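As a plain string of letters, each chain reads:
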Amino acid sequence: MEERIQLQVSGLVKRFGTETVLDGIDLCIRKGEVVVVLGPSGCGKSTLLRCMNGLESPSAGTIFLDGEEVTSDGKKITQLRQKIGMVFQSYDLFPNKNIMDNITLAPVKVQKRLKSEVEQDAERLLKRVGLWEKRKAYPRELSGGQKQRVAIIRALCMNPEVMLFDEVTAALDPEMVREVLDVMLELADQGMTMVIVTHEMQFARAIADRIIFLDNGNIVEDSKPDEFFTNPKTQRAREFLQTFAYKKRRTHTD
Amino acid sequence: MQDSGISVLFMGKNFLRLLEGLWVTLRISLIAVLLSIPLGILFGMFMTMKNPVSRAVSRVYLEFIRIMPQLVLLFIAYFGVTRAFGWNLSADVSAVIVFTLWGTAEMGDLVRGALISIPKHQYDSAAALGMNKIQTFGYVVVPQTMRRLIPLTINLTTRMIKTTSLVVLIGMTEVLKVGKQIIDANRFDYPTAALWVYGVIFLLYFLACWPISMLAKKLEKRWR
Ligand SMILES: Nc1ncnc2c1ncn2[C@@H]1O[C@H](COP(=O)(O)OP(=O)(O)O)[C@@H](O)[C@H]1O
Ligand SMILES: [Mg+2]
């Protein structure tokens, strides 16, 4: 991990109507850092990620990506978004395009790169995740896990500097979670800067350089993963972790 | 069967007259549809705008066109406008105007339905890939709405072809009127003529609409 700051969030406030979802978030993410954002449902994790690539515009505060401010200004934001890939929970492949066309669409049309060149990138990545045979298939012919891996590749083919993952395995059948998380682990190993929202606690612990715990629109904890999982500083984080721990307690009472 | 009604079809130019009669309404339908499609697309986009004024305006327009029987609209255009403003609109032109207004409203509503059927996350993922509004529309939204819209548009076209027979009431000689004329002229010599004439008209309508539906099916398959 380098010292260079990749993503800087300062005083970020986001309101929907009268509801304050994010209430002054300060966060600094360095290049190559993997940050996992945890927190109870509805605490604003998705909103934070969506602000980072300008899908939501902040009510107050600023976000800088690579020294450039993320604004809702049309032309600038489409430029910036090419540096920041995002994968969502819902399967968001374009249903009318096959896998290869899903992947090459934006690099060719937005970045004006040569189709043949993008297809080479796509081939390399599809082979790596074992989906090269599916390049002509349509999204409806893929399983959820396969779709999410394609969605990750589609974002990667834009050559982003940061990747945002918003609960990408939350809608998957359990046996498909692993294949998607493995792709993310590999990506982290390669030094990609990542911000991940997940409910897979073991995965969070394995992949994170840093855990951010959000509650009531604020960062209430910002720690190393081992520290967070073994010895959370706040009561809220302890309670949150308890909700994932019931399995363990049952085996003890058997 | 010497006096079979079928022979009236081959008397003089009867068959040709029927075809010409059909063409009168087909032509109006085709012009109205060709105008309604681009106008309806614009109207549909206008209806989905967040602006409350555009919503209210389009709502009123759509409801007005839907509530009014097409016949009343035709009368307003042909008799009313001529009286009120002294413009001398021909029956042809009035019909094209009325059916274009109607087609635009219906087409607009179809476009609106297709547009709002695209899930929000499709827009989000297009945006997250750096696409601007025009690219998102052109590469993501339009291709997805097409598949849904094509069959509905075809359906609208066949409805249009059927509804334009109303122009007989503003004095145009379309296929049903021609048919009636032929039947009346042969009432005493060929009492069964009506069956044959209306049978042929049925067939003509079928032949006009059937290829259009086939085309719809084919396109639907291709764009899947
Ligand atoms: N577009 C929106 N309009 C109104 N409220 C929203 C919108 N997006 C999110 N919210 C609200 O913001 C809160 C946080 O949502 P979200 O960021 O999705 O939480 P999380 O991802 O942590 O579950 C929720 O209460 C949600 O209802
Ligand atoms: Mg969420």
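The structure displayed is predicted, hence computed values, not measured ones.

Quick look at helix α5 (residues 144–156) of chain A now. Look at α5 of chain A: 18 Å from first C-alpha to last across 13 residues, which is about the 18 Å you get at 1.5 Å a residue. Along α5 of chain A, 13 of the 13 residues are buried, which leaves the element largely enclosed by surrounding structure.

All names here are of chain A. One non-glycine residue with positive phi stands out, namely Lys112, at about 55°. Summarising the element assignment, Lys112 is placed in the loop between α3 (99–109) and α4 (115–128). The class for Lys112 is exposed, based on a relative accessible area of 64%. In this model, Glu167 sits at a positive phi of 45°, which is unusual for a non-glycine residue. With respect to the element layout, Glu167 can be found in the loop between β7 (162–166) and α6 (174–189).

Taken over all residues, the pLDDT of chain B has a mean of 88, while the share at 70 or more is 98%. Quick note on the complex model: pTM equals 0.82, ipTM equals 0.90.

Residues and elements named next belong to chain B. A cluster of nonpolar residues, Ile31, Leu35, Leu39, Ile41, Leu42 and Met45, forms a patch on the protein surface that exposes about 480 Å² of accessible area. In this structure, Met45 sits in helix α1 (residues 14–47). By relative accessible area, which is 31% here, Met45 ends up partly exposed.

Now for the packing of α1 of chain B against helix α8 (residues 193–222) of chain B. Residue and element names in this part refer to chain B. Interhelical geometry of α1 versus α8 gives an angle of 45° and a closest axis separation of 11 Å. As judged from the angle between their axes, α1 and α8 are oblique. The crossing of α1 and α8 is right-handed. Every residue of α8 that contacts α1 at Phe15, Leu18, Leu19, Leu22, Thr25 and Leu26 is listed here: Val200, Ile201, Leu204, Tyr205 and Ala208. Taken together, the residues of the contact of α1 with α8 break down into ten nonpolar, one polar and no charged.

Let us now look at the nonpolar core. Residues and elements named next belong to chain A. Core analysis: the biggest nonpolar cluster contains 50 residues, and Ile152, Met163, Phe165, Met184 and Met194 have the highest contact counts within it. Here this core gets eight residues from one element, more than from any other, and that element is α6. Ignoring sequence-local partners within four residues, the contact set of Phe165 consists of Leu49, Val87, Ile152, Met184, Leu187, Met194, Val195, Ile196 and Val197. Residues Ile25, Leu80, Val197 and Ile212 belong to the second largest nonpolar core, which totals 32 residues.

Turning our attention to the pairing of strand β1 (residues 5–16) of chain A. The side chains of a regular strand alternate, first on one face of the sheet and then on the other. Residues and elements named next belong to chain A. Bridging between β1 and strand β2 (residues 19–30) involves nine bridges; their strand directions are antiparallel. Its bridge partner being in β2, Arg15 is matched across the sheet by Thr20. Turn length for the β1-β2 hairpin, with the two strands adjacent in sequence and antiparallel, is two residues, and the turn residue Gly17 shows positive phi of about 65°. Sheet topology places β1 next to strand β4 (residues 60–65); five bridges connect them, and they run antiparallel. By the bridge assignment for β4, Ser10 is matched with Thr62.

Turning our attention to the packing of aromatic side chains. All told, the structure shown has eight aromatic pairs over all chains when counted by the stated rule. Aromatic side chains Phe213 of chain A and Phe228 of chain A sit 5.9 Å apart centroid to centroid with 40° between the ring planes, which places their arrangement in the tilted category. With a gap of 15 residues between them, Phe213 of chain A in strand β9 (residues 210–215) and Phe228 of chain A in helix α8 (residues 225–230) connect regions that are remote in the sequence. Residues Phe213 of chain A and Phe228 of chain A agree in their burial class; the two are buried. Here Phe43 of chain B and Tyr61 of chain B contribute two aromatic rings whose centre-to-centre distance is 5.2 Å and whose plane-to-plane angle is 85°, an arrangement assigned as edge-to-face. Here Phe43 of chain B, found in helix α1, pairs with Tyr61 of chain B, found in helix α2 (residues 52–67); they are 18 residues apart in sequence, far enough to count as distant. Overall, Phe43 of chain B belongs to the buried group, its relative accessible area being 10%. The class of Tyr61 of chain B is partly exposed, set by a relative accessible area of 23%.

This brings us to the interface of chain A and chain B. As a measure of interface size, the accessible area lost when the parts come together is often cited. Taken together, the contacts link 25 residues of chain A with 18 residues of chain B. Across the chain A/chain B interface, buried area totals approximately 1800 Å², and carbon plus sulfur atoms make up 60% of it. Summed over the shared surface of chain A and chain B, the number is one salt bridge. Between Asp124 of chain B and Arg50 of chain A there is a salt bridge; the shortest N-O distance is 2.8 Å. Summed over the shared surface of chain A and chain B, the number is five residue pairs in polar contact (both at pLDDT 80 or more). Only α2 (74–81), β6 (84–87), α3 and α5 of chain A provide two or more residues apiece to the side of chain A that touches chain B. The leading source of residues in the side of chain A that touches chain B is α3 of chain A, at three residues. Looking at the side of chain A that touches chain B residue by residue, the class counts come to 13 nonpolar, five polar and seven charged.

What follows covers empty space enclosed by the protein. Taken as a whole and assessed by the stated rule, the structure comprises two cavities of 30 Å³ or more. In this structure, the largest cavity encloses a volume near 70 Å³. Lining the largest cavity, in full, are Leu125, Arg128, Val129, Ile153, Leu156, Val183, Glu186, Leu187 and Gln190 of chain A. Listed by contribution, the elements that provide at least two residues to the lining of the largest cavity are α4, α5 and α6 of chain A. The element contributing the most residues to the lining of the largest cavity is α6 of chain A, with three residues. Split by residue class, the lining of the largest cavity holds six nonpolar, one polar and two charged. Space inside the second largest cavity adds up to approximately 50 Å³. Together, Met86, Val87, Phe88, Asp92, Ala151, Arg154 and Ala155 of chain A together with Ser125, Ala128 and Leu129 of chain B line the second largest cavity. Looking at the lining of the second largest cavity, the elements with two or more residues in it are β6 and α5 of chain A together with α5 (120–128) of chain B. Counting residues per element, the lining of the second largest cavity draws most heavily on α5 of chain A, at three residues. By residue class, the composition of the lining of the second largest cavity is seven nonpolar, one polar and two charged.

Here is what the cut-offs are and how they apply
- Residues numbered from 1 in each chain as written.
- Chains lettered and ligands numbered in written order.
- Predicted model: local features only at pLDDT ≥ 70, side-chain atom pairs only at ≥ 80, totals over all residues.
- Heavy atoms only, no water.
- Helix = DSSP H or I, 4+ residues; strand = E, 2+ residues; numbered from the N terminus.
- Expected span 1.5 Å × (residues − 1).
- Buried < 20%, exposed > 50% of the residue type's maximum accessible area, 1.4 Å probe, protein only.
- pLDDT = per-residue confidence, 0-100.
- Patch = residues over 30% accessible without salt bridge, like charges linked within 9 Å, V, L, I, M, F, W, Y side chains within 5 Å.
- Areas by Shrake-Rupley, 256 points an atom, 1.4 Å probe, with all protein chains shown as cover.
- Salt bridge = Lys/Arg side-chain N within 4 Å of Asp/Glu carboxyl O.
- Axes fitted to C-alpha atoms, helices over the stretch in contact; angles between N-to-C directions.
- Parallel < 35°, antiparallel > 145°, perpendicular 65-115°, else oblique.
- Left-handed = near helix turned anticlockwise from the far one by under 90°.
- Contact = heavy atoms within 4.5 Å.
- Nonpolar A, V, L, I, M, F, W, Y, C, P; charged D, E, K, R; others polar.
- Core = buried A, V, L, I, M, F, W, Y, C linked by side-chain atoms within 4.5 Å.
- Pairing = 2+ DSSP bridges.
- Phe/Tyr/Trp six-rings, centres within 6.5 Å; stacked < 30°, edge-to-face > 60°.
- Buried area = accessible area lost by both parts, 1.4 Å probe.
- Polar contact = N/O pair within 3.5 Å; in protein donor to acceptor, adjacent residues only side chain to side chain.
- 1 Å grid on protein atoms, 1.4 Å probe; cavity = no way out; pocket = protein on both sides within 12 Å on 5 of 7 lines; lining within 4 Å.
- Points joined across faces, edges and corners; volume = space filled by probe spheres on them.

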